[in-house]
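# A closer look at the structure
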Amino acid sequence: MTTSATHGTGGPTENALRRALRRARDGVSLDVAEAAVLLQARGEHLEDLSASAARVRDAGLEAAGRPGVITYSKSVFVPLTRLCRDKCHYCTFVTVPGKLRRAGHGMFMSPDEVLDIARRGAALGCKEALITLGDKPEDRWPEAREWLDAHGYDDTIAYVRAISIRILEETGLLPHLNPGVLTWTDFQRLKPVAPSMGMMLETTATRLWSEPGGPHHGSPDKEPAVRLRVLEDAGRSSVPFTSGLLIGIGETYEERAESLFALRKVSRAHHGIQELIIQNFRAKPDTAMRGMPDAELDELVATVAVARHLLGPSACLQAPPNLVDAEYGRLIAAGIDDWGGVSPLTIDHVNPERPWPQIDELAEQSRAAGFALRERLCVYPEFVRRGEPWLDPRLRPHVAALADPETGLARPDVLPQGLPWQEPDEAFTASGRTDLHRTIDTEGRTGDRRADFDEVYGDWDALREAAAPGMVPERIDTDVREALRTAADDPTRLTDAEALALLHADGPALDALCRIADDVRKSAVGDDVTYIVTRNINFTNVCYTGCRFCAFAQRRTDADAYTLSLDQVADRAQQAWDVGAVEVCMQGGIHPDLPGTAYFDIARAVKERVPGLHVHAFSPMEVVNGATRTGMSIREWLTAAKEAGLDTIPGTAAEILDDEVRWILTKGKLPAATWTEVVTTAHELGIRSSSTMMYGHVDQPRHWLGHLRTLADIQRRTGGFTEFVTLPFVHTNAPVYLAGIARPGPTVRDNRAVTAMARLLLHPWIPNIQTSWVKLGAEGAAEMLRSGANDLGGTLMEETISRMAGSSYGSYKSVRDLVAVAEAAGRPAKPRTTLYGEVPEERRRAAEASDGHLPELLPVLD
């Protein structure tokens, strides 16, 4: 049986308590059962537990350079809307439209109301605007939807973003956002306007959400799995995030311990949880839980102490001072190091019956316990000092104006003043070096990994644990011979079981599979091996996304970092046109200084210089980056990009369209569903795309099958894919390989099976299957042409991404080189356009005259 934390029935044995206390004192790792025992410590045992927790806290403060300091944030509380789609049984913050109308309030606070509070707070020295609101009120209340429509906002998040910008520009306060459950895309929209965000986990006890009568029953946003996903997405997006527990709402001690372990797991994986709040339940009148007893002070103290032991010395722990009846000393003794937001102006709208203590009183109580009270910003000092990627460049001036550059704490003598919220100046200043296609091994970097290898990508141990299940091959019982018969007869009738068996084929079965795929290729597109005279232009490699397979991305200060100017992009496009190119393929890192409109400028620069050149540019990740930075929808952004000169988009950033794999491969890249949304929206707008799959890392054939089925489904609906490109994982310099997690790329068997099955599973929807000479070399590409592929891709002229990853197959191929690869496969070669059309005679002659070679490569700096 479990023990009720709320009612405190039963309890651990004396021996169990003593053993757990000894392990805590000795700094030994605790398990869930031991943590649950310690949560029940009382009397002398609780004093013992608190003392050891305080020592852990003190060691952390010493290491952080602020020994003997307890922090708080001077803030104003802005209840942007009290409407919510959830129905938590203890909440008095949320109300209904009728009550708001009767009180003379709108469905949302108006900008004038918000700014009035913010300006008065700024005059009092407040530096944080805590913006709190209900979850997605427009999904439940038509009145909320009407208000948003009337004021020109697509959704509540759009209003949160807009009001945050106004707060920054007109008052200088820093927004800390608590909008409830957010998607990955929501984080991208809000990160540029707020240095920190938060959402309480509250509990991982699913029964409190799923069972009738539970405190969260009927509240879709309180499902623990949903809330844990929000915490993961915040970490992936490098958002300094506040979370915590609400104790005493009916959870058992074991469930409370499990919740702490879940928070620790997320914190370790992404290093993004800036503070944990341990909040005690207080029953409120006029709620369904008004008869529930309050969580006792001993419960709170024990939970704080256990949290300190589990989260360790570097964690920041907060307990709201207005909920503890002035028992500040016991919380300090248990290991907190922060009092949270305290306002000299506004009430705590979530707990309106509990006024904030006076700051002078907090200082005195802290001093009595041997601590100095210091003001911090809403974003914790560790993240202020870390800078990128945790702070968006557009927020750096606002944070720097209020932060002590040495400590990262607030400058108490400074009053906030409004500053422009704008894109960084001179986004296209040329910098760095672009000879990486040939000199990466001899100049620049001197090691195989970045200096911040152990910090920038998340926790490698957590990733190894997450990757382990996916790395285990599964047993295949389906008859391969029967699957081959189905494939030869009609590949569209292949079942998942048959397809999976073929993806595992080897030896004579693999040879037979490749022959079948090659026959299907011949009947679908003929014998011609197509290629395109194109130039790659990677306009910057500065990127802070944190993809763990990528060796291309650099910090702006790294030896191999570079950024091209608009003129340099246009010069490269002109040079490509002169040697017969029909296309430029342009992609770059997610440079924090590039505005969302930079992509329009790049496309426009090429079209103005070379109107006849096809612009194939901007991966779905870049599309989302552009859209979120501008505040536009994906559809609006793509429409504007098309007007600027964008013709098609590359279907890169797909990797494997399975989030189980994606979150191991990448830290902050877009989820599979968002990738699908981008490409389908592009197709609907008449912007076609390629499709890709990168394989051979932490994936298995079942992931390949799911990926190919997803692409086929999209193509059946939109018809927008021009081709499918196989991208074998290049492991040599990839961080996820160097950390010992990924395989060393796919085998020859894998490459043949993937190429053949791509032909069969995408037939007849995607007729063109491209192999990558950059990653496989000429012989490997020729083998893929005998396994179902019909396209060799492009001449590229200047390839950098695979080269930096460790590919040894060069950075360009001449037209003669590509023709030779086709001949090695016994097939004729034929040039094509991006859309697989006929190449104009003038372009053919120009390419033949130059052989697709550039006369010289242009440097970054003149």
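Cut-offs used in this document
- Residues numbered from 1 in each chain as written.
- Predicted model: local features only at pLDDT ≥ 70, side-chain atom pairs only at ≥ 80, totals over all residues.
- Heavy atoms only, no water.
- Axes fitted to C-alpha atoms, helices over the stretch in contact; angles between N-to-C directions.
- Helix = DSSP H or I, 4+ residues; strand = E, 2+ residues; numbered from the N terminus.
- Parallel < 35°, antiparallel > 145°, perpendicular 65-115°, else oblique.
- Left-handed = near helix turned anticlockwise from the far one by under 90°.
- Contact = heavy atoms within 4.5 Å.
- Nonpolar A, V, L, I, M, F, W, Y, C, P; charged D, E, K, R; others polar.
- Disulfide = S-S within 2.5 Å.
- Buried < 20%, exposed > 50% of the residue type's maximum accessible area, 1.4 Å probe, protein only.
- Salt bridge = Lys/Arg side-chain N within 4 Å of Asp/Glu carboxyl O.
- Pairing = 2+ DSSP bridges.
- pLDDT = per-residue confidence, 0-100.
- Polar contact = N/O pair within 3.5 Å; in protein donor to acceptor, adjacent residues only side chain to side chain.
- Core = buried A, V, L, I, M, F, W, Y, C linked by side-chain atoms within 4.5 Å.
- Right-handed = clockwise from strand over helix to strand, strands pointing away.
- Expected span 1.5 Å × (residues − 1).
- Arc of directions from axis to C-beta.
- Phe/Tyr/Trp six-rings, centres within 6.5 Å; stacked < 30°, edge-to-face > 60°.
- Lys NZ or Arg CZ within 6 Å of the ring centre and 35° of its normal.

### So, the packing of helix H24 (residues 598-609) against helix H26 (residues 634-644)
- Closest axis-to-axis distance for the H24/H26 pair is 8 Å, and the angle between their directions is 20 degrees. The pairing of H24 with H26 is recorded here as roughly parallel in orientation. Seen along the crossing, H24 lies across H26 with a hand that is right-handed. Contact with H24, carried on its side by Tyr599, Phe600, Ala603, Arg604 and Lys607, involves Trp637, Ala640, Ala641 and Ala644 of H26 and no other residues of that element.
- Each residue belonging to the contact of H24 with H26 can be placed in one class, and the counts come to seven nonpolar, no polar and two charged.

### Considerations on the state of the cysteines
- One pass over the structure, following the stated rule, counts zero disulfides.
- With no disulfide of its own, Cys84 has Cys88 as its nearest cysteine by sulfur position, at a separation of 6.6 Å.
- On the basis of relative accessible area, Cys84 is assigned to the buried category, the value being 5%.

### Focus on the environment of Phe241
- If you trace the backbone, Phe241 turns up in strand S5 (residues 241-247).
- Taking relative accessible area as the criterion, Phe241 reaches 3% and is therefore assigned buried.
- C-alpha separation for the pair Phe241 and Gly198, spaced 43 residues apart in sequence, amounts to 5.1 Å.
- Here Phe241 is in contact with Phe187, Met197, Gly198, Met199, Val230, Leu231, Ala234, Gly272, Ile273, Gln274 and Glu275, once residues within four sequence places are set aside.

### Things to note about the pattern of salt bridges
- Tallied over the full model, the rule gives 62 salt bridges.
- The salt bridge involving Glu34 is made with Arg23; its shortest N-O contact spans 2.8 Å. Within this pair, whereas Glu34 is found in helix H2 (residues 32-38), its partner Arg23 is found in helix H1 (residues 14-25), the two being separated by 11 residues in sequence.
- Taking the relative accessible area as the measure of exposure, Glu34 reaches 8% and is therefore buried.
- A residue is classified by how much of its surface remains accessible, and Arg23, at 22% relative accessible area, is partly exposed.
- By sharing partners, the salt bridges in this structure join Arg42, Glu251, Arg256 and Glu299 into a single network.

### Digging into the sheet that holds strand S15 (residues 614-617)
- The three strands are arranged S12-S14-S15 in an open sheet whose pairing can be described as parallel. Each edge of the open sheet is held by one strand with a lone partner, namely strand S12 (534-538) and S15. Strand-to-strand twist of the sheet, defined as the mean angle between neighbouring strand axes without regard to direction, takes the value 25 degrees.
- One ladder, built from five bridges, connects S12 with strand S14 (residues 583-587); its direction is parallel. In the sheet register, Asn538 faces S14, and the bridge partner there is Gln587.

### A closer look at the confidence of the model for the chain
- The predicted model of the chain has a mean per-residue pLDDT of 91, with 92% of residues at 70 or higher.
- The model gives residues 436-445 a pLDDT under 50, and that stretch makes 31 contacts with residues more than four places away or in other chains.
- Note that pLDDT drops below 50 for residues 805-810; the model gives that stretch 20 contacts with residues more than four away or on any other chain.

### What about the packing of H26 against helix H28 (residues 672-684)?
- Closest axis-to-axis distance for the H26/H28 pair is 10 Å, and the angle between their directions is 50 degrees. Judged on the interaxial angle alone, H28 and H26 are oblique. Our pair here, H26 against H28, has a crossing hand that is right-handed. Contacts from Ile634, Arg635 and Leu638 in H26 reach Glu677, Val678, Thr681, Ala682 and Glu684 in H28.
- In the contact of H26 with H28, the residues fall into four nonpolar, one polar and three charged.

### Observations concerning the side chain of Glu251
- In this structure, Glu251 sits in the loop between S5 and helix H11 (253-270).
- Here Glu251 falls in the buried class, since its relative accessible area comes to 2%.
- There is a polar contact of 2.8 Å between the side chain of Glu251 and the backbone nitrogen of Gly248.
- Side-chain polar atoms of Glu251 contact the side chain of Arg256, separated by 2.9 Å.

### Focus: the nonpolar core
- Membership of the largest hydrophobic core comes to 130 residues, with the highest contact counts inside it found for Met586 and Trp675.
- Element by element, the count of residues in this core is highest for helix H22 (residues 507-525), at eight residues.
- If sequence neighbours within four positions are ignored, Met586 has contacts with Ile537, Phe539, Val569, Ile602, Val606, Val615, His616, Ala617 and Phe618.
- Membership of the second largest hydrophobic core comes to 120 residues, among which are Ile163, Leu182, Met197 and Trp421.

### Topic: the pairing of strand S6 (residues 273-280)
- Burial within S6 is extensive, with eight of its eight residues counted as buried.
- Here seven bridges tie S5 to S6, and the two strands are oriented parallel to one another. Across the sheet, Leu245 pairs through a bridge with Ile278, a residue of S6.
- Between the parallel elements S5 and S6, the chain passes through H11 in a crossover that is right-handed.
- In this structure, S6 lies alongside strand S7 (residues 317-318), joined through two bridges in parallel fashion. From the neighbouring strand, Leu276 faces S7, where its bridge partner is Leu317.
- Handedness of the S6-helix H12 (residues 297-311)-S7 crossover: right-handed.

### What about H22?
- Between its first and last C-alpha atoms H22 spans 27 Å; for 19 residues at 1.5 Å apiece the expected length is 27 Å, and the two agree.
- Every buried residue belonging to H22 is among Ala509, Leu510, Ala512, Leu513, Cys514, Ile516, Ala517, Asp518, Val520 and Arg521, and all of these are buried.
- Tucked inside the fold, the buried residues of H22 contact helix H20 (480-489), helix H21 (496-503), helix H31 (748-761) and helix H32 (773-785).
- Immediately beyond the C-terminal end of H22, within one or two residues, lies Gly526, with a positive phi of roughly 85 degrees.

### Some thoughts on helix H14 (residues 359-368)
- Of the positions making up H14, those classed as buried are Ile359, Leu362, Ala363 and Ser366. The arc enclosing the buried residues of H14, seen along the axis, measures out at 100 degrees, which places them on a common side. Every exposed residue of H14 that faces more than 90 degrees away from the buried side is listed here: Asp360 and Ala368.
- Next to the buried residues of H14 lie strand S1 (69-81), helix H13 (328-334), strand S8 (338-342) and strand S9 (372-376).
- Positive backbone phi, at 90 degrees, marks Gly370, one or two positions downstream of H14.

### Quick notes on the packing of aromatic side chains
- Evaluation of the coordinates by the stated rule reveals 16 aromatic pairs.
- An angle of 75 degrees between the planes, with centres 6.3 Å apart, marks the rings of Phe539 and Phe618 as edge-to-face. Taken as a pair, Phe539 in the loop between S12 and strand S13 (562-563) and Phe618 in the loop between S15 and helix H25 (620-630) lie far apart in primary sequence, 79 residues in all. Exposure class is identical for Phe539 and Phe618. Each is buried.
- Taking the centre distance of 6.4 Å and the plane angle of 75 degrees together, the rings of Phe618 and Trp637 count as edge-to-face. In this pair, Phe618 is assigned in the loop between S15 and H25 and Trp637 in helix H26, connecting sequence segments 19 residues apart.
- For Trp637, a relative accessible area of 0% translates into the label buried.
- A connected cluster of aromatic rings, assembled from ring pairs, spans Phe539, Tyr599, Phe600, Phe618 and Trp637.
- Directly above the aromatic system of Phe383 lies the positively charged group of Arg386, at a separation of 4.3 Å from the ring centroid.
- The aromatic ring of Trp390 is capped on one face by Arg386, whose charged end is 5.2 Å from the ring centroid.

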